[in-house]
Amino acid sequence: AGARLVRVWVDEPHGVAIVELHDPKRSNTWSVELGEDLSLAAEQLAARGAAVRAVVLRGAGAHFSAGDLAAEGRAIGPWESRHHVVEFTDFFCGHCQESHRRTMLPLMEAYVPTGHLRLESHPVAFLDGESLRAAHAVLCAQEQHKYWEMRELLFQVDLGSKPAGADTVFNAAMLKRLAALAELDLGAFARCFHSGRHQEEIRRISKTARRIGVHGTPHFIFNHVHREGVVDPGEFDKLLGVLPPEL
């Protein structure tokens, strides 16, 4: 079954049309109905005289070509949210694990479901080969629309638990267990991981992060304000403009 549109709206200040798909679970095949819906949406936008510069497809349906991942797959929360947080994290970083438990989980649970916050997460590899292996694993999970599930599992790994005889904490057996817990297609995950096809993307993210002033992890950008390290949950009231507790 192909995807169908649910709604279309325009973010006027940014000139972006948001095209939201229904949730076709793991499938987002093209269909005649989807083509008709897109044509109708284009006609409606033209009739409104909307100055659209970009169109964003939303919904579980965004498929990724091998080696070509969209940052949209590493974001949760509505694009039009009033508050945006960008996270740069390293899965071989103890402070990143602490930040996830103390700060990011409560933030995600409190404000993402209400539509008041959009969170983007980007893995970097600042430390060593362990960082690169974990970051590559999470991007392979992203191919199967499971970035957030794998991110959560990677943050639960005991970084001092390298098994006897294993070269790395994020060894093949460990990553296979995490992939199974995330309910990934294990064969597709293994092929992706062993191909190394997302390593260049990780280097690109890491280089971009350095260029904009990210020198350590965790690092957050709250509505354009940079914070590095474990941010106390109480700081969010200030950084995010004192979100009312009832939101």
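Because the structure is a prediction, the values reported are computed rather than measured.

Each value, and the rule that gives it
- Residues numbered from 1 in each chain as written.
- Predicted model: local features only at pLDDT ≥ 70, side-chain atom pairs only at ≥ 80, totals over all residues.
- Heavy atoms only, no water.
- Axes fitted to C-alpha atoms, helices over the stretch in contact; angles between N-to-C directions.
- Helix = DSSP H or I, 4+ residues; strand = E, 2+ residues; numbered from the N terminus.
- Parallel < 35°, antiparallel > 145°, perpendicular 65-115°, else oblique.
- Left-handed = near helix turned anticlockwise from the far one by under 90°.
- Contact = heavy atoms within 4.5 Å.
- Nonpolar A, V, L, I, M, F, W, Y, C, P; charged D, E, K, R; others polar.
- Salt bridge = Lys/Arg side-chain N within 4 Å of Asp/Glu carboxyl O.
- 1 Å grid on protein atoms, 1.4 Å probe; cavity = no way out; pocket = protein on both sides within 12 Å on 5 of 7 lines; lining within 4 Å.
- Points joined across faces, edges and corners; volume = space filled by probe spheres on them.
- Phe/Tyr/Trp six-rings, centres within 6.5 Å; stacked < 30°, edge-to-face > 60°.
- Lys NZ or Arg CZ within 6 Å of the ring centre and 35° of its normal.

(A) Spatial organisation of the packing of helix H3 (residues 129–143) against helix H6 (residues 186–195). Axis separation between H3 and H6 bottoms out at 9 Å; the angle between their running directions is 135 degrees. Comparing the axis directions of H3 and H6 gives the class oblique. Crossing of H3 against H6: the hand is right-handed. Facing Arg133, His136, Ala137, Cys140, Ala141 and Glu143 of H3, the residues of H6 in contact are Phe189, Cys192 and Phe193. Residues belonging to the contact of H3 with H6 are distributed by class as follows: 6 nonpolar, 1 polar and 2 charged.

(B) View of the pattern of salt bridges. Within this structure, the stated rule accounts for 7 salt bridges. Between Arg102 and Glu98 there is a salt bridge; the shortest N-O distance is 3.5 Å. One end of the pair, Arg102, and the other, Glu98, are both in helix H2 (residues 94–111), 4 residues apart, so they sit about a helical turn from each other. In this structure, Glu201 engages Arg204 in a salt bridge whose closest nitrogen and oxygen atoms are separated by 2.9 Å.

(C) The arrangement of the layout of surface pockets in detail. Each pocket or cavity is described by its volume, and for the second largest pocket that value is around 240 Å³. In this structure, the second largest pocket is lined by Ser81, Arg82, His84, Val85, Val86, Arg118, Glu120, Ile221, Asn223 and His224. Elements with a minimum of two residues in the lining of the second largest pocket: strand S5 (83–89) and strand S6 (117–123).

(D) Layout of the packing of aromatic side chains. Throughout the structure, instances matching the rule amount to 5 aromatic pairs. Ring plane angle 80 degrees and centroid distance 5.4 Å describe the contact between Tyr147 and Trp148, whose orientation is recorded as edge-to-face. With a centroid separation of 6.3 Å and 20 degrees between ring planes, the pair formed by Phe189 and Phe193 is classed as stacked. Taken together, the residues span about one helical turn, with Phe189 and Phe193 both in helix H6 at a distance of 4 residues. Directly above the aromatic system of Phe126 lies the positively charged group of Arg210, at a separation of 3.8 Å from the ring centroid.

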